[in-house]
Amino acid sequence: MERQWLQSWFDGTPVVIAQQGSGPVAVNVPLEFSFDAGKRGVKPPLAAVLDKLAESLRRQPQMTLALAAPGDAGGDETLAAQRAAALRSYLLGRGASSAQLGTPQAAAGRAVRLQLEAR
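Residues numbered from 1 in each chain as written. Predicted model: local features only at pLDDT ≥ 70, side-chain atom pairs only at ≥ 80, totals over all residues. Heavy atoms only, no water.

A. Structural view of the overall build of the protein chain. Helix and strand counts for the protein chain come out as three helices and five strands. Taken from the N to the C terminus, the helices and strands of the protein chain come in the order α-β-β-α-β-α-β-β. The C-alpha atoms of the protein chain give a radius of gyration of 13 Å, which matches the 14 Å a tight globule of 119 residues would have. The dimensions of the protein chain, computed from C-alpha atoms along their principal axes, are 35 × 30 × 25 Å. For the protein chain, with 119 residues in total, the buried portion stands at 39%. The long-range share in the protein chain, meaning contacts at least 24 apart out of those at least 6 apart in sequence, stands at 65%. Of the accessible surface of the protein chain, which amounts to about 6100 Å², a share of 52% is contributed by carbon and sulfur atoms. (Helix = DSSP H or I, 4+ residues; strand = E, 2+ residues; numbered from the N terminus. Rg over C-alpha atoms; globule rule 2.2 N^0.38 Å. Buried < 20%, exposed > 50% of the residue type's maximum accessible area, 1.4 Å probe, protein only. Contact = heavy atoms within 4.5 Å. Areas by Shrake-Rupley, 256 points an atom, 1.4 Å probe, with all protein chains shown as cover.)

Rendered as structure tokens:
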């Protein structure tokens, strides 16, 4: 149900929302829409996705969200960790419960990876 709700918001955008069976809902946002090069501040397109995920978490208190963000090309782990922490801070500022948010992780690749699942 959450996958369908999220898909309705982001259909036709570069945001990829996928779910295998009744498993977790994966939300991937391409890096170029998430952060400026060398920066950790959330860009408006990623903020729109995070706002809807925060709304999902408020509506569905049994849900949790895993957070993973990449660094820039070359795999800057420090920047990736800072970006993942920025995701968490942003969501907390939008009313998500800290108990619902996973530990921020550095990610490989070129997309912010978020995973919504039931506890």
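B. Looking closely at helix H3 (residues 77–93). With 17 residues, H3 should cover 24 Å at 1.5 Å per step; its first-to-last C-alpha distance of 24 Å lies within 8% of that length. Along H3, the residues that are buried comprise Leu79, Ala80, Arg83, Ala84, Ala86, Leu87, Tyr90 and Leu91. Taken around the axis of H3, the buried residues stretch over an arc of 150°, which confines them to a single face. Opposite its buried face, H3 presents the exposed residues Glu77, Thr78 and Gly93, each directed more than 90 degrees away. As for H3, its buried residues are in contact with helix H2 (44–59), strand S3 (63–70), strand S4 (105–107) and strand S5 (111–118). Measuring from the side-chain oxygen of the N-cap residue of H3 to the backbone nitrogen of Thr78 gives 3.1 Å; that N-cap residue is Asp76. (Expected span 1.5 Å × (residues − 1). Arc of directions from axis to C-beta. Polar contact = N/O pair within 3.5 Å; in protein donor to acceptor, adjacent residues only side chain to side chain.)

C. A look at the pattern of salt bridges. The tally for this structure, following the rule as stated, stands at five salt bridges. Here Glu2 and Arg59 are joined by a salt bridge, their closest N and O atoms 2.5 Å apart. Taken together, the residues Glu2 in helix H1 (residues 2–10) and Arg59 in helix H2 connect sequence positions 57 residues apart. The exposure class assigned to Glu2 is buried, which follows from its relative accessible area of 7%. Arg59 sits in the partly exposed class, given a relative accessible area of 37%. (Salt bridge = Lys/Arg side-chain N within 4 Å of Asp/Glu carboxyl O.)

D. A look at the pairing of S5. Where strand S2 (residues 25–30) lies against S5, six bridges are found, and the strand directions are antiparallel. Residue pairing for S5: Asn28 is matched across the bridge by Arg113. Bridge count for S3 against S5 is six bridges, and the pairing is antiparallel. Paired with Ala66 across the strands is Gln115, a residue of S5. (Pairing = 2+ DSSP bridges.)

Function cannot be inferred from these measures alone, as they are strictly geometric.
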